[in-house]
Amino acid sequence: MKILLTGGAGYIGSHTAVTLSAEGLEPVVLDNFSNSHPVVMERLAHLCGGPLTLEQGDVLDTPWLTGVLLRHQPVAVVHFAGDKAVGESVAQPLKYFHNNIGGAVSLMRAMVQAVAEGGWPRPPALVFSSSATVYGDPATVPITEDFPRSHTNPYGHTKLVIEDMLSAQHAADPSWRVGVLRYFNPVGAHPSGLIGEDPDGMPNNLMPFVAQVAIGRRPHLSVFGNDYPTPDGTGVRDYIHVMDLASGHVAAVRALLAKPGSFTVNLGTGQGHSVLDMVRAFERASGRPVPYRIAPRRAGDVAQCWADPGRARTLLGWQATRSLDDMCADAWRWQSGNPNGYRSP
Ligand code: NAD
Ligand code: UFG
């Protein structure tokens, strides 16, 4: 049973590919390597016991994508491909509307086309990478899926629009099966240390930055604000091990294949940790100091954000199992074994 992973060479896609393969499913990786490195395919071959099929190309290319669906006949598609840097989305909104919304439209049209041509005789099943960013600044925590949605930047806006497009398509054609997964804060790496998060340039997110400070690539971490209404004043998030997130995708695919319908679920642990909790956990895991300085708040940040993961447990039979120490130990194994990510000599 093939599963097509758009953006399958990226951070979350590559971990999901390994997990699907370990579960006896056959991932087909589709990527244009705009934010990933082809070396990941060699690492995936090693972890999966043989090379994975790669379709190198752009999700914006609808006719090509239709051909990919007809050629591989996947039982489901997981749509990871897209741009994800919040700050860049503010500076270049059109890039995000084009690639993220345009990419989702292109994929959905290709799926409709493949079915219409009669060569892909199955109910379309699509899992979509959404984000806790759709909750904007939540009034309370933990966050359930029926909290009001809003957006504070063009990246978040694209996630909201794509969620709405998916529900409109499901309403128009109820044979579509759609799983919307709202990720909280994915961190960590595969326990082998062979694949992990490899940001290009200055990391935007906390954990890759902390890892780069621990390895000595950067002198110190800037902690964005210590005057939030949280126990230690720093921002609180729901950090989830990327391998737990990956198994959430397997559970979502299985649920979509098992019965008709659509769902939206949070993928989080249900626990919040502060920036300083993360610094201390990383110091423990790495045995290295992580010097930090308190800096002004980052525009657009919320004080706290963590999930109520109950719906995923009930609907998918899934829950996160890995601890903060697992997240940091695995992130450190990846970072110390690959100090320059996939570009290491
Ligand atoms: P990533 O950048 O590592 O992976 C995305 C992959 O998509 C990359 O390999 C990139 O080359 C590819 N891609 C981008 N545009 C493409 C296109 N037009 N055609 C083909 N391939 C294309 O990102 P990630 O962290 O793995 O995130 C995956 C998805 O999850 C994204 O949609 C992201 O918005 C979402 N998400 C990520 C986080 C997070 O913190 N990492 C949180 C919530 C949601
Ligand atoms: N932080 C720092 N210093 C840094 C980076 C981050 O103190 O150098 C703090 C932030 O202020 C925040 C916490 O660390 O309190 C986490 O920040 P991240 O940038 O790692 O994560 P965010 O929660 O801000 O955003 C992430 C993704 C978004 C996604 C959101 C919810 O980047 O795309 O999670 O899923 F929408």
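Refer to the structure presented above.
Residues numbered from 1 in each chain as written. Chains lettered and ligands numbered in written order. Predicted model: local features only at pLDDT ≥ 70, side-chain atom pairs only at ≥ 80, totals over all residues. Heavy atoms only, no water.

## A short note on the sheet that holds strand β11 (residues 262-267)
Reading across from one edge, β3-β2-β1-β4-β5-β6-β11 is the order of the seven strands in this open sheet, with parallel pairing throughout. For this open sheet the edge positions go to β3 (53-56) and β11, each flanked by a neighbour on one side alone. For this sheet, the mean inter-axis angle between neighbouring strands, taken without regard to orientation, is 20 degrees. Set on the sheet, helix α3 (residues 62-72) makes contact with β1 (2-6), β2 (26-31), β3 and β4 (76-79); between it and β3 the angle comes to about 165 degrees. Strands in contact with helix α6 (residues 154-172) are β5 (125-131), β6 (177-183) and β11; relative to β5, the strand with the most contacts, it is inclined by about 155 degrees. (Pairing = 2+ DSSP bridges. Helix = DSSP H or I, 4+ residues; strand = E, 2+ residues; numbered from the N terminus. Axes fitted to C-alpha atoms, helices over the stretch in contact; angles between N-to-C directions. Contact = heavy atoms within 4.5 Å.)

## Observations regarding the site of ligand 1
Looking at ligand 1, there are 26 residues lining it, with Asp 31, Asn 35, Ser 36, Asn 99 and Tyr 155 nearest. One of the side-chain N or O atoms of Lys 84 is found 2.8 Å from an oxygen atom in ligand 1. Measuring from a nitrogen atom of ligand 1, one finds a side-chain N or O atom of Asn 99 at 2.8 Å. Elements with a contribution of two residues or more to the shell around ligand 1: α1 (11-22), β5 and α6. Its residues placed into classes, the shell around ligand 1 shows 10 nonpolar, 12 polar and four charged. (Near = heavy atom within 4 Å. Polar contact = N/O pair within 3.5 Å; in protein donor to acceptor, adjacent residues only side chain to side chain. Nonpolar A, V, L, I, M, F, W, Y, C, P; charged D, E, K, R; others polar.)

## Regarding the site of ligand 2
In the region of ligand 2, 20 residues are neighbours, and Ser 131, Asn 205, Ser 222, Arg 237 and Asp 301 sit closest. Residue Leu 206 places a main-chain N or O atom 2.8 Å away from an oxygen atom belonging to ligand 2. Between ligand 2 and Phe 224 there is a distance of 2.9 Å, counted from an oxygen atom to a backbone nitrogen or oxygen. The protein chains hide 89% of the 680 Å² of surface that ligand 2 would expose on its own. Here the shell around ligand 2 gets four residues from one element, more than from any other, and that element is strand β8 (residues 221-224). (Areas by Shrake-Rupley, 256 points an atom, 1.4 Å probe, with all protein chains shown as cover.)

## Overview of helix α9 (residues 275-286)
Side chains that are three or four residues apart share a direction in an α-helix, a result of its 3.6 residues per turn. In this model α9 runs 16 Å from its N-terminal to its C-terminal C-alpha over 12 residues, within 8% of the 16 Å that 1.5 Å per residue would give. For α9, the set of buried residues is Val 275, Leu 276, Met 278, Val 279, Ala 281, Phe 282 and Ser 286. Contacts from the buried residues of α9 go to α7 (206-215), β8, β10 (239-241), β12 (273-274), β13 (292-295) and α11 (324-337). Phi for Gly 287, located one or two positions after α9, is positive at around 70 degrees. (Expected span 1.5 Å × (residues − 1). Buried < 20%, exposed > 50% of the residue type's maximum accessible area, 1.4 Å probe, protein only.)

## Quick word on the state of the cysteines
Simply put, disulfide is the name for a covalent bond between the sulfur atoms of two cysteines. Summed over all chains, the structure comprises zero disulfides. Its sulfur unpaired, Cys 305 is 18 Å from the next cysteine sulfur, which belongs to Cys 328. We classify Cys 305 as buried; its relative accessible area is 7%. (Disulfide = S-S within 2.5 Å.)

## Looking at the packing of aromatic side chains
One pair of aromatic rings is described through two measures. These are the centre distance and the angle between the planes. With the rule as written, the count across this model stands at four aromatic pairs. Ring geometry for Trp 334 against Tyr 342: centres 4.9 Å apart, planes inclined by 55 degrees, an arrangement best described as tilted. On the accessibility criterion, Trp 334 (4% relative accessible area) is buried. An aromatic cluster of three or more residues is present, and its members are Tyr 135, Phe 147 and Phe 184. Directly above the ring of Phe 209 sits Arg 218, whose terminal nitrogen or CZ lies 5.7 Å from the centroid. Positioned over the ring face of Tyr 228 is Arg 297, at 4.0 Å from the centre of the ring. (Phe/Tyr/Trp six-rings, centres within 6.5 Å; stacked < 30°, edge-to-face > 60°. Lys NZ or Arg CZ within 6 Å of the ring centre and 35° of its normal.)

## Section: the side chain of Asn 338
Residue placement: Asn 338 occurs in the segment after α11. The exposure class assigned to Asn 338 is buried, which follows from its relative accessible area of 6%. A polar side-chain atom of Asn 338 sits 3.0 Å from the main-chain carbonyl oxygen of Gly 193.

## Details of the pattern of salt bridges
According to the stated counting rule, one finds 16 salt bridges in the structure shown. Of the charged contacts in the structure, one is a salt bridge between Glu 55 and Arg 71, with a shortest N-O distance of 3.0 Å. Taken together, the positions of Glu 55 in strand β3 and Arg 71 in helix α3 put the pair 16 residues apart, joining distant regions of the chain. In this structure, Asp 146 engages Arg 311 in a salt bridge whose closest nitrogen and oxygen atoms are separated by 3.0 Å. Remark: Arg 311 occurs in helix α10 (residues 310-316) and Asp 146 occurs in the loop between β5 and α6; sequence separation between them is 165 residues. Here Asp 146 falls in the exposed class, since its relative accessible area comes to 60%. Looking at Arg 311, the relative accessible area reads 30%, which means it is partly exposed. (Salt bridge = Lys/Arg side-chain N within 4 Å of Asp/Glu carboxyl O.)

## So, the pairing of β5
In regular strands, side chains alternate between the two faces of the sheet. In terms of burial, β5 is a largely internal element, seven of the seven residues being buried. Alternating positions in β5 separate into two faces, Ala 125, Val 127, Ser 129 and Ser 131 on one and Leu 126, Phe 128 and Ser 130 on the other, with burial throughout. Taken together, the seven bridges between β5 and β6 define a ladder with parallel strand orientation. Note on β6: the bridge partner recorded for Ser 130 is Arg 182.

## Considerations on the sheet that holds β12
The three strands lie next to each other as β12-β9-β14, forming an open sheet whose pairing is mixed. Lying at the two open borders of the sheet, with one neighbouring strand each, are β12 and β14 (304-305).

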